Amino acid sequence: MPLPPGQRAVEGFPRFGTHLHHPPPPVPEHPVIEIDGAVTAPVTLSETDLAQLPRQRMETDFHCVAGWSATGLVWEGTPLNSDHGAPVRLVSPRQYGFVNTKHLCRIEFHTSPPADPEKWSPLAAHRRARVWEEERHRYLPARVVRPIYHRLIGPIRALSARGSEKRTR
Ligand SMILES: Nc1nc2c(c(=O)[nH]1)N[C@H]1C(S)=C(S)[C@@H](COP(=O)(O)O)O[C@H]1N2
Ligand SMILES: [Mo]
């Protein structure tokens, strides 16, 4: 499978996130997903509810917006450890990693897109984040942010690894 534009394959599947110098959050004994916001009635899905949904096995590559890709991952049901998002993770392989929310516990529906942040951010995420369209940044073209994001990979990986060490110690 060819990689999307501007991506490089890495060995393994590193833990990765800008605030992940913290250990992964503890997994509740009975995890739930709350669904609320612009819905006729809010619902809370329990583990039992989730287990009854149809299962799907997915073999996909995973692409971080910073430019690394983990290849040949297999997703199915519950192979999930807390570094990678327990109890529940959203998997959307055609969108950059930041859309693939780990430790998912709540989904809030809105009837309109969220307002743009008041302050301009150099890391303003693209709203759709499609990897094959290289939608990395909300305002800047991909070729401008590519080299900047590549340089962030090392430091963020190191921070994220430190967070998981803290838990195992
Ligand atoms: N809750 C949460 N989900 C998250 C992140 C995070 O920091 N916190 N990082 C995102 C980013 S930028 C990437 S690339 C992937 C990394 O997934 P991994 O840590 O399982 O490799 O998770 C995404 N989901
Ligand atoms: Mo990412």
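Predicted model, so just to flag it, every value in this text is computed and none were measured.

A few words on the sheet that holds strand β1 (residues 8-10). A sheet is described by the order of its strands in space; here 3 strands give the open sequence β1-β5-β4, paired in mixed fashion. Of all the strands in the sheet, just β1 and β4 (58-63) have a single pairing partner and so form its edges. In this sheet, neighbouring strand axes are inclined to one another by 40° on average, regardless of whether the strands run parallel or antiparallel. In this sheet, strand β5 (residues 68-75) lies alongside β4 in antiparallel orientation, the contact comprising 5 bridges. When the sheet's bridge partners are listed, phenylalanine 62 is paired in β5 with alanine 70.

As a further point, take the nonpolar core. Phe16, Phe62, Ala66 and Trp68 are the most contacted members of the largest nonpolar core, which has 17 residues in total. Secondary structure elements with two or more residues in this core: β5 and α2 (142-168). Not counting residues within four places of it along the chain, the set of residues in contact with tryptophan 68 comprises Gln7, Arg8, Val10, Phe13, Pro14, Phe16, Phe62, His63 and Ile153.

So, on to the site of ligand 1. The full set close to ligand 1 counts 17 residues, and Pro14, Phe16, His84, Arg89 and Lys102 are the nearest of them. Proline 14 has a polar backbone atom sitting 2.4 Å from an oxygen atom of ligand 1. The side chain of histidine 84 places a nitrogen or oxygen atom 2.4 Å from an oxygen atom of ligand 1. When ligand 1 sits alone it has 530 Å² of accessible area, and the protein chains cover 89% of it.

Another aspect to go through is the sheet that holds strand β2 (residues 32-37). Here 3 strands make up an open sheet; going across it, the order is β3-β2-β6 and the pairing mixed. Two strands bound the open sheet, and with one partner strand each, they are β3 (43-46) and β6 (106-109). Looking at each pair of strands side by side, their axes are set apart by 15° on average, direction ignored. When β2 meets β6, the two strands line up parallel, connected through 4 bridges.

Okay, the packing of aromatic side chains next. Scanning the model with the defined rule gives 5 aromatic pairs in all. Geometrically, the ring pair formed by phenylalanine 13 and phenylalanine 62 is edge-to-face, given 5.2 Å between the ring centres and 65° between the ring planes. Separated by 49 residues along the polypeptide, phenylalanine 13 in the loop between β1 and β2 and phenylalanine 62 in strand β4 bring together distant segments of the chain. Owing to a relative accessible area of 22%, phenylalanine 13 belongs among the partly exposed residues under this scheme. When its relative accessible area of 6% is taken as the criterion, phenylalanine 62 is described as buried. The interplanar angle of 35° and the centroid separation of 5.8 Å between the aromatic rings of phenylalanine 62 and tryptophan 68 together place this pair among those described as tilted. Here phenylalanine 62 matches tryptophan 68 in class, with each residue buried.

This brings us to the pattern of salt bridges. The tally for this structure, following the rule as stated, stands at 7 salt bridges. A salt bridge links aspartate 83 to arginine 15, with the shortest nitrogen-to-oxygen separation between them at 3.4 Å. Placement of the pair is aspartate 83 in the loop between β5 and β6 and arginine 15 in the loop between β1 and β2, with a sequence separation of 68 residues. Comparing aspartate 83 with arginine 15, the two get one shared label, buried. For arginine 130, the salt bridge goes to glutamate 133, with nearest N and O atoms at 3.9 Å. Judged by relative accessible area, which is 26%, arginine 130 ranks as partly exposed. Given a relative accessible area of 47%, glutamate 133 falls into the partly exposed group. Here the salt bridges share partners, and the residues they tie into one network are Asp36, Arg106 and Glu108.

Conventions we followed
- Residues numbered from 1 in each chain as written.
- Chains lettered and ligands numbered in written order.
- Predicted model: local features only at pLDDT ≥ 70, side-chain atom pairs only at ≥ 80, totals over all residues.
- Heavy atoms only, no water.
- Pairing = 2+ DSSP bridges.
- Helix = DSSP H or I, 4+ residues; strand = E, 2+ residues; numbered from the N terminus.
- Axes fitted to C-alpha atoms, helices over the stretch in contact; angles between N-to-C directions.
- Core = buried A, V, L, I, M, F, W, Y, C linked by side-chain atoms within 4.5 Å.
- Buried < 20%, exposed > 50% of the residue type's maximum accessible area, 1.4 Å probe, protein only.
- Contact = heavy atoms within 4.5 Å.
- Near = heavy atom within 4 Å.
- Polar contact = N/O pair within 3.5 Å; in protein donor to acceptor, adjacent residues only side chain to side chain.
- Areas by Shrake-Rupley, 256 points an atom, 1.4 Å probe, with all protein chains shown as cover.
- Phe/Tyr/Trp six-rings, centres within 6.5 Å; stacked < 30°, edge-to-face > 60°.
- Salt bridge = Lys/Arg side-chain N within 4 Å of Asp/Glu carboxyl O.

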